[in-house]
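Spelled out, the chains give:
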Amino acid sequence: MDSAAKDKIQPTLLPGSEWPEQERAEQLARGAALKWASGIFYRPEQLARLGQYRSREVQRNYFLEARIKSVVQSYLEGVQTGVWQLARALEAVQGTREALSQAHHLLQGLSQTSQTLASLRECVVQHKQLQVLTQLLPRLQAVPAAVAHTQTLIDAQRFLEAYVSLRELEQLQEETWTPLGGLELPIFQGLGLLAEALGQAVETAAGAAGQLARENPALLVAAVRVAEVETERTILGQAPRDWRQRCLRALQEGLERVHFASPVLPEPGALAGWLEALQVALPAELATAEALVAPCCPPNYNVVQLWAHTLHSGLRRSVQQLLSGPELGAADTFALLHWVLHVYMGKEMMGNLELGPEADVSQLEPLLTSENIEQLEAAFVTQVQGSVAQWLQKALDGEVAEWSREQEPNTDPSGFYHSPMPAIVLQILAENIQVTSLISDSLHRRVHDMALSELGTFLRSFSDALIQFSRDHLRGEAPHYVPYLLAAFNHQSALSSSLSVLLPDGEASGVLAPVEASLDDVQRRLCRLVLEALQVELQPLFASLPSRRWLLSSELLDGVCEQTSHFCQDFWRVRKPAVQLLLAEAERTVVLQYLRALMQGRLVCRSADERTQAAERLQHDATQLKELFLGLGLEESAHCAPVLLALRELLNLHDPTLLGLEVAGLRQKFPDVSEDHVSALLDLRGDVSREHRQAALSSLQAGPPPSPSTGRRALFSLVPTPTPSLSSCLPSGPCS
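Throughout what follows, the structure given in this document is the object of discussion. (Residues numbered from 1 in each chain as written. Predicted model: local features only at pLDDT ≥ 70, side-chain atom pairs only at ≥ 80, totals over all residues. Heavy atoms only, no water.)

Looking only at helices and strands, one finds 25 helices and 0 strands in the chain. Residues classed as buried in the chain amount to 39% of the 736 residues present. A fraction of 77% describes how many contacts in the chain between residues 6 or more apart in sequence connect residues 24 or more apart. When the accessible area of the chain is evaluated, it comes to approximately 41,100 Å², of which 55% is carbon and sulfur surface. (Helix = DSSP H or I, 4+ residues; strand = E, 2+ residues; numbered from the N terminus. Buried < 20%, exposed > 50% of the residue type's maximum accessible area, 1.4 Å probe, protein only. Contact = heavy atoms within 4.5 Å. Areas by Shrake-Rupley, 256 points an atom, 1.4 Å probe, with all protein chains shown as cover.)

What follows is about the packing of aromatic side chains. Taken as a whole, this structure holds 9 aromatic pairs when the rule is applied. Aromatic side chains Phe-542 and Tyr-594 sit 6.2 Å apart centroid to centroid with 75 degrees between the ring planes, which places their arrangement in the edge-to-face category. Of this pair, Phe-542 sits in helix α17 (residues 513–542) while Tyr-594 sits in helix α20 (residues 578–598), and the two are 52 residues apart along the sequence. Within the aromatic cluster, the residues linked to one another by ring pairs are Trp-403, Phe-458, Phe-462, Phe-469 and Tyr-481. (Phe/Tyr/Trp six-rings, centres within 6.5 Å; stacked < 30°, edge-to-face > 60°.)

This part covers the nonpolar core. In a soluble, globular protein the nonpolar side chains are often hidden away together inside. Within the largest apolar cluster, 184 residues are counted, with the highest numbers of intra-cluster contacts made by Leu-198, Trp-307, Trp-339, Trp-550 and Phe-571. Discounting residues that sit within four places of it in the chain, Trp-307 has contacts with Ala-209, Leu-251, Leu-255, Glu-285, Leu-286, Ala-289 and Val-293. (Core = buried A, V, L, I, M, F, W, Y, C linked by side-chain atoms within 4.5 Å.)

A few words now on helix α23 (residues 659–669). Taken together, the buried positions of α23 are occupied by Leu-659, Gly-660, Val-663, Ala-664 and Leu-666. The buried side chains of α23 occupy one side of the element, clustering within an arc of 155 degrees when seen end-on. (Arc of directions from axis to C-beta.)

Within helix α24 (residues 675–685), 8 of the 11 residues are buried, leaving the element largely enclosed by the surrounding structure. Along α24, the residues classified as buried are His-677, Val-678, Ser-679, Ala-680, Leu-681, Leu-682, Leu-684 and Arg-685. Trailing α24 by a residue or two, Gly-686 shows a phi angle of about 80 degrees, which is positive.

The subject of this paragraph is a nonpolar patch on the surface. On the surface, Phe-63, Leu-64, Ile-68 and Val-72 cluster together into a nonpolar patch covering about 380 Å² of accessible area. Looking at where Leu-64 falls in the secondary structure, it is placed in helix α3 (residues 50–141). (Patch = residues over 30% accessible without salt bridge, like charges linked within 9 Å, V, L, I, M, F, W, Y side chains within 5 Å. Salt bridge = Lys/Arg side-chain N within 4 Å of Asp/Glu carboxyl O.)

Dropping the structure here:
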């Protein structure tokens, strides 16, 4: 670079232009210098060395200026060199642009030349295609015949030969496709339909695998081999045909078509037969798959598992379709639940030990979900409940119809009144409970609860029928009223004694408590109706008791005993323990009627002799009643007639001052005796003054409480007393 160029690029500073930083730096330098000088020359003796300091600072300034100039000169030279290099680069870029422009013009000329050669290139391509077609012409001419021959082979189910022919045609198509640049010749347009026809034929053969395995296994093997070979092959860049999946799908669809293709569901009541047919057909189909179909297929087909799962899926869809239709009847519901829960997965079908592990039945979904089972059980219980209610009502209607007959109830060989109604009722309930134990514990429990509920309803209806029967008796429409009531006692006893058959195994007897309570209610109602009939017959006889005639003769009580004996003559036809209850209540009813008559105040003893006669009559009557009911079979411990002996002591007492003790003793024996009863008895004596009466009644309250262990039933509390008059406490009659 010459000096002139360097001079051009040197920067020039305008005169008078200064930097503020420079001025500040100079000021700081001067201040530092003054500070240094004042420190150096502070003492006079140091002024002698001022010259030395000045010369040294001058040299130092010269050195700094030289260094600054050197640095600035070096910087300016570097800038000058960079500017020169940039100028050279600009010249090189301009040269390159000119070369590129020339190349562009040359390329435009070549493009025009290439366009003139395009027609020639097309001619070359056509020539090559014609050359290939010329070489393949004999084979191409045979394509239509080969297609027809392949179709014939397919129709004849010669799958292997048809597949070989199809592959040859497709190979020829590939050989022409590449040289022709992807152009498809019209003669190959039918190959797709031909391949689809072969695929459908293979699919049809697979759909009839079970039949072919028995009749023509070679055809099944050929179809499966074609599907396997074709699965992995690609044609002209297309996706594989995957005939294996078509074959597997055809196996499944054909199997479902054989067993579950019919859209018609079993008719009501025919479901059990349909399930029985499946129980035979499905294991046979699995055996065929394992013995015949599996050897014809590759191992990866898992034929036995495919068969088991396909049959299960088809059956599950059919069952769900069945449930979505009209509601099943009770018989069909029971058959379905039993078959699904116990037969299907049992040893006779899917749980068969001969069925290999490859079936993998453990992974099968349940045919019925828990919701399905819940709905079926609820529907079954509802339907069975309706049927049971109808059957029980028919049994009750038949029994009620017997009550209006002109003859007495039927008897068994032992002479007891007998009716088939209790056995029918228990059989209806027990059979329904027992048969549901074959299904599930939940259904068994539901039906058991339903049976007990219906039995309770039946007993209430039976009790209502007894009330209506009593009304018919009052209208004179029940010629054998009491015998049929006694027969009903045997019905109640038979139901009570056989109630345990309704108790599930392992259940506590407490579940039967409501039914037992209903049976007790029926027994109490029967007993009350019988006793009411007895009271109706005895009331006219007790209307004259007590009386003077009663004191002098036993004729009145003889009539009572005779009528009672006649009324109770058929009690022996009632089975134990009900007969003891009846006799005890009859004896108690007679005694209560006797006590009611005594409390009516019809007789007042006029003398000690009459009181003695009354006491003796009470003793005689008590003995006569005891003998009567002992003769009828009543156990002595159940007798109530001894109450008359206690009253005898009260009447036979000669000293009225001792009445308090006697009354207290009476209360000990019979805690339900009241002041009104004691007053009526004292009136019967006819010799009790007001003071003695008050003392006797006071002893009734002041005496010791009765012993709780007496065990006697209520008597006096059931005996009404006449309303006492104001003069009832005054002496009356000549015996006072």
